[in-house]
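Here is what each chain is made of, one letter per residue.
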Amino acid sequence: MPALIVPDGLVCGIDEAGRGPLAGPVVAAAVILDPARSIAGLDDSKKLSEKKRHLLAGEIREKALAWAVAEASVEEIDRLNILHATMLAMQRAVAALAVTPERALVDGNRCPPLAMPAEAVVQGDGRIASIAAASILAKTVRDAGMLALHEQYPEYGFDRHMGYPTAAHCAALAAHGASPVHRRSFGPVARQLALL
């Protein structure tokens, strides 16, 4: 596997986790890596085991020049739509960085409005080290949040599917209706609410 690219200068990588689930917030992370403190094993968070993600998340927090994680709530997702809520979470993550980046590289094909130049990089989480780092922080923080929501709403099985529309989740939705943390603007949830 080719090594991930580490851009020169104060460049932040941005990625999100949780656009597709039926429940919970969408989480974004922004990371400025330190070229002098390399982190081995960075990759798209979806390609890593849960254990590896947690180990790398700790190393990213320790070695990065700056990092921040932010979210947009279920209410914001339903009000704005998932794309705009994702862009809002990304803006919040960049604004929360302790170091102001010179430019930003965003995973995907859309960039949020930012105070610095930004470039969208399709499949960037598998190509750019700082985007991979952001994907790992976003994923681990969102998963931890979904485990906390599982404690509140154990009947939905958030600890197993993290809110994604699995058969088990859809069955739980049909059996129990929508919880306060379900996204009412998403088709399967909206359809379930229409049946009530």
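Our structure is the block above this text.
Residues numbered from 1 in each chain as written. Predicted model: local features only at pLDDT ≥ 70, side-chain atom pairs only at ≥ 80, totals over all residues. Heavy atoms only, no water.

A. Empty space enclosed by the protein, seen in detail. This structure, assessed with the given rule, holds 1 cavity of 30 Å³ or more. Empty space within the largest cavity amounts to approximately 50 Å³. Every residue lining the largest cavity is listed: Val 6, Pro 7, Gly 9, Val 11, Leu 33, Pro 35 and Ser 130. Within the lining of the largest cavity, the residues separate by chemical class into 5 nonpolar, 2 polar and no charged. (1 Å grid on protein atoms, 1.4 Å probe; cavity = no way out; pocket = protein on both sides within 12 Å on 5 of 7 lines; lining within 4 Å. Points joined across faces, edges and corners; volume = space filled by probe spheres on them. Nonpolar A, V, L, I, M, F, W, Y, C, P; charged D, E, K, R; others polar.)

B. Seen up close, the layout of surface pockets. The calculated volume of the largest pocket comes to roughly 270 Å³. Along its surface, the largest pocket is lined by 17 residues, and Glu 16, Ala 17, Gly 18, Lys 46 and Tyr 164 are the ones closest to its centre. In terms of residues, the lining of the largest pocket owes the most to one element, helix 4 (residues 129-152), which gives 4 residues. Among the residues forming the lining of the second largest pocket, the class breakdown is 9 nonpolar, 1 polar and 2 charged. (Helix = DSSP H or I, 4+ residues; strand = E, 2+ residues; numbered from the N terminus.)

C. Seen up close, the nonpolar core. Cys 12, Ile 14, Val 26, Val 94, Leu 97 and Phe 158 are the most contacted members of the largest nonpolar core, which has 37 residues in total. Elements that contribute at least two residues to this core include exactly strand 1 (11-17), strand 2 (26-32), strand 3 (66-72), helix 3 (82-95), strand 4 (103-107), helix 4 and helix 6 (167-176). Of the residues forming this core, the biggest block, 8 residues, is contributed by helix 3. Not counting residues within four places of it along the chain, the set of residues in contact with Phe 158 comprises Ala 23, Met 146, Leu 149, His 150, Tyr 153, Gly 163, His 169, Ser 179, Val 181 and His 182. Val 27, Val 31, Leu 48 and Ala 132 belong to the second-largest nonpolar core, a separate cluster that totals 20 residues. (Core = buried A, V, L, I, M, F, W, Y, C linked by side-chain atoms within 4.5 Å. Buried < 20%, exposed > 50% of the residue type's maximum accessible area, 1.4 Å probe, protein only. Contact = heavy atoms within 4.5 Å.)

D. How the structure looks around the environment of Leu 114. Considering the arrangement of structural elements, one finds Leu 114 in the loop between strand 4 and strand 5 (118-121). The class of Leu 114 is partly exposed, set by a relative accessible area of 22%. The sequence separation of Leu 114 and Met 87 amounts to 27 residues, and the corresponding C-alpha distance is 9.8 Å. Those residues within four positions of Leu 114 in sequence are excluded, and the remaining contacts are Ile 14, Gln 91, Val 94 and Ala 104.

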